[in-house]
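# Examining the three-dimensional arrangement
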Amino acid sequence: MKALVIGKGGREHALVHALLESSFINKVFALPGNQGMGKEVTQLSVEVESASIHKACIENDIELVVIGPEDPLVQGLASQLRQKGLAVFGPGEQGAKLEGSKIYSKKFMEKHKIPTAAFEVVSSVEKTLEKASNFTPPYVLKADGLAAGKGVFICKDKTELEKAATDLFENKILGEAGREALLEQFQPGYELSFFILTTGADYVALPMAQDHKKIFEGETGPNTGGMGTVAPMKISDSLYRTIIEEVVEPTQKGIQAESFDYKGVVFIGIMVTDSGPQVLEYNVRFGDPETQVLLPLLDGDWGEAFYKISQGEKPQLKWKEGFATCVVLAAEKYPESSVKDVVIEGDFSGSKEAYFLHAGTKLTEENHWVTNGGRVLNAVALASTLQESIEKAYKQADRVCWPGRQMRKDIGKKALDSLK
């Protein structure tokens, strides 16, 4: 069977990497993909819309489509391609609203009794400051729509909250995505990422991963799309049961009750607080860079698993003993912007246990790799212990360098400390 991966970043390279190792898949295409995916992948250059993709799939005998990013999912691409007879891994338009609208998502949680922070819907500076009296600082303001990871503002006081609300509603820094917003009660605790594959009627849980969102060590500085991940994250049996019973099961039942055309992954962002797990948000696609550490832990075939989900069949998944770490190498000035076209020096080679995935790179006519995005490369490593996987990932990361390269040095430290 031939498969198509839609997207071009590190997450999509991870998906391609997994499908290239599949005995179920004999050829992999990418749309648009990136040059780092290598010669084994055929890059397509058609529009990311259903008619063009369907035509390309017919011409190339592609049967399975795996959609990486959220934007095409929210725009209904999975539903449209399924209606044209293709096997698609990804939720339909209604299910994708769980990520496409923070307000819709919160109301889904409220309706299906899924624990989450208290909230108010706001659409002006005045209303935001008025409703802030219902909460204690710091204040959390979340743009309703997709904002490429830039839609959450954590404000230590009302002055910062007023500035964030002004930026959203009056300066319109996020356009239509910030037309409305959620004002939420801040919840202290620690975050974890919980993923399930769902057919709409049934689900299977994946290992947990822990992301590192801030640009600098110790979770300081501005938020990013993610500077690194480790998996599996180990938690107590009692906490795991609570998450399944109070979060995962009600989420799955809600998807079924709403009759969503959902054949894909649900990424549940959870804050573990003193009062138990609380859902921060839903994403309707694999996380980036969580995908980079979850996929290599499967003791099985991702091509077969994705196809089964696309057909409404629950796959039986078995996991390797061991750990995976991903260290993100970012461009100068990220996350505010990124310095592009900087030559990357070093050795891009790797092994089955330690390798690079390309996220924001470009190959010049002179055959030099250069930076071409905020998050440039992912150094991924597998090992029998978490400590070893972290060390191997950093050793891989240090094979390359460029002026202004950014890399956190504490990926996995919290997870390591929790094992002591």
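In this report, the structure presented in the accompanying data block is examined. Just so it is clear, the model here is predicted, and its values are computed rather than measured.

## Focus: helix α8 (residues 158-169)
Here α8 contains twelve residues, and its C-alpha end-to-end distance of 16 Å stays within 8% of the 16 Å for a straight helix at 1.5 Å per residue. Within the sequence span of α8, burial applies to Leu161, Ala164, Ala165, Asp167, Leu168 and Phe169. Turning to α8, the residues buried within the fold contact β6 (119-122), α7 (125-131), β7 (139-143), β8 (152-155) and β9 (181-185). Capping the start of α8, aspartate 157 holds a side-chain oxygen 3.2 Å from the backbone nitrogen of threonine 159, two or three residues further along.

## Looking at the packing of aromatic side chains
Enumeration over the complete set of coordinates arrives at 14 aromatic pairs. Among the aromatic residues, those joined into a cluster by ring pairs are Phe89, Phe195, Phe267, Phe286, Trp302, Phe306 and Trp319.

## Some thoughts on unusual backbone geometry
Look at the link from proline 137 to proline 138: it is a cis peptide, with omega at 0°. Structurally, proline 138 can be placed in the loop between α7 and β7. Following alanine 231, the chain continues into proline 232 via a peptide bond in cis, with omega recorded as -5°. The topology assignment puts proline 232 in the loop between β15 (228-231) and α9 (237-257). Residues other than glycine seldom take positive phi values, yet lysine 113 does so here, at roughly 55°. Checked against the element boundaries, lysine 113 lands in the loop between α6 (102-111) and β6. Classification of lysine 113 as exposed rests on a relative accessible area of 71%. The phi dihedral of serine 259 is positive, around 55°, even though this residue is not glycine. On the secondary structure map, serine 259 appears in the loop between α9 and β16 (264-273). Take serine 259: its relative accessible area is 63%, and that puts it in the exposed class.

## Structural notes on the packing of helix α1 (residues 10-20) against helix α11 (residues 302-310)
The description of two packed helices rests on the angle between their axes and on the distance between the axes. At a closest axis distance of 7 Å, the pairing of α1 and α11 adopts a crossing angle of 105°. Our classification of the angle between α1 and α11 gives roughly perpendicular. Taking contact as the criterion, the partners of Leu15, Ala18 and Leu19 in α1 are, on α11, Trp302, Gly303 and Phe306. Tallied by class, the residues present in the contact of α1 with α11 amount to five nonpolar, one polar and no charged.

## So, the sheet that holds strand β18 (residues 323-330)
The antiparallel open sheet is built from five strands, whose spatial order is β12-β15-β18-β23-β20. Two strands close off the open sheet at either side, each with one partner strand: β12 (210-211) and β20 (354-358). In the sheet, β18 pairs with strand β23 (residues 375-383) via eight bridges, with the strands oriented antiparallel. Directly across from alanine 330, in β23, lies its bridge partner arginine 375. α1 rests against β20 and β23 of the sheet, and its axis sits at about 125° to β20.

## Structural notes on the sheet that holds strand β11 (residues 203-205)
Sheet strands line up and pair through hydrogen bonds in the backbone, either parallel or antiparallel. Here we have four strands laid out as an open sheet, ordered β11-β10-β16-β17, and antiparallel in their pairing. Unpaired on one side and paired on the other, β11 and β17 (276-283) mark the two borders of the sheet. Neighbour to neighbour, the strand axes of the sheet diverge by 35° on average, direction disregarded. With nine bridges connecting them, strand β10 (residues 190-198) and β16 associate as antiparallel partners. What sits directly across from leucine 192, in β16, is isoleucine 270. On the sheet, α9 packs against β10, β11, β16 and β17 and is oriented at approximately 45° with respect to β10.

## Considerations on the environment of arginine 408
Tracing the backbone through its elements, the reader meets arginine 408 in the loop between β24 (400-401) and α13 (413-419). Arginine 408 sits 20 residues away from glutamate 388 along the chain, and the two C-alpha atoms are 17 Å apart. Here arginine 408 is in contact with His212, Lys213, Lys214, Ile215, Phe216, Glu217, Gly218, Glu219, Met227, Val327 and Tyr394, once residues within four sequence places are set aside. A polar side-chain atom of arginine 408 sits 2.9 Å from the main-chain carbonyl oxygen of lysine 214. Of note is the side chain of arginine 408, whose polar atom sits 2.6 Å from the side chain of glutamate 219.

## Describing the packing of helix α5 (residues 93-100) against α6
Two elements in contact, α5 and α6, have axes whose closest approach is 6 Å; the angle formed by their N-to-C orientations is 100°. When the axis of α5 is compared with that of α6, the two are roughly perpendicular. Only Lys102, Tyr104, Ser105 and Phe108 of α6 make contact with α5, whose side of the interface consists of Gln94, Lys97, Leu98 and Gly100. Among the residues making up the contact of α5 with α6, the classes are represented as three nonpolar, three polar and two charged.

## Overview of the pattern of salt bridges
According to the stated counting rule, one finds 28 salt bridges in the structure shown. Between arginine 399 and aspartate 347 there is a salt bridge, with its nearest N and O atoms 2.7 Å apart. Here arginine 399, found in the loop between α12 (386-397) and β24, pairs with aspartate 347, found in the loop between β19 (345-346) and β20; they are 52 residues apart in sequence, far enough to count as distant. Judged by relative accessible area, arginine 399 falls into the partly exposed class, the value being 31%. Residue class for aspartate 347 comes out partly exposed when judged on its relative accessible area of 35%. Notably, a salt bridge pairs arginine 405 with aspartate 398, separated by 3.5 Å at the nearest N-O pair. Among the residues examined, arginine 405 registers a relative accessible area of 22% and is labelled partly exposed.

Parameters at a glance
- Residues numbered from 1 in each chain as written.
- Predicted model: local features only at pLDDT ≥ 70, side-chain atom pairs only at ≥ 80, totals over all residues.
- Heavy atoms only, no water.
- Helix = DSSP H or I, 4+ residues; strand = E, 2+ residues; numbered from the N terminus.
- Expected span 1.5 Å × (residues − 1).
- Buried < 20%, exposed > 50% of the residue type's maximum accessible area, 1.4 Å probe, protein only.
- Contact = heavy atoms within 4.5 Å.
- Polar contact = N/O pair within 3.5 Å; in protein donor to acceptor, adjacent residues only side chain to side chain.
- Phe/Tyr/Trp six-rings, centres within 6.5 Å; stacked < 30°, edge-to-face > 60°.
- Axes fitted to C-alpha atoms, helices over the stretch in contact; angles between N-to-C directions.
- Parallel < 35°, antiparallel > 145°, perpendicular 65-115°, else oblique.
- Nonpolar A, V, L, I, M, F, W, Y, C, P; charged D, E, K, R; others polar.
- Pairing = 2+ DSSP bridges.
- Salt bridge = Lys/Arg side-chain N within 4 Å of Asp/Glu carboxyl O.

Just geometry here; none of it tells us what the structure is for.
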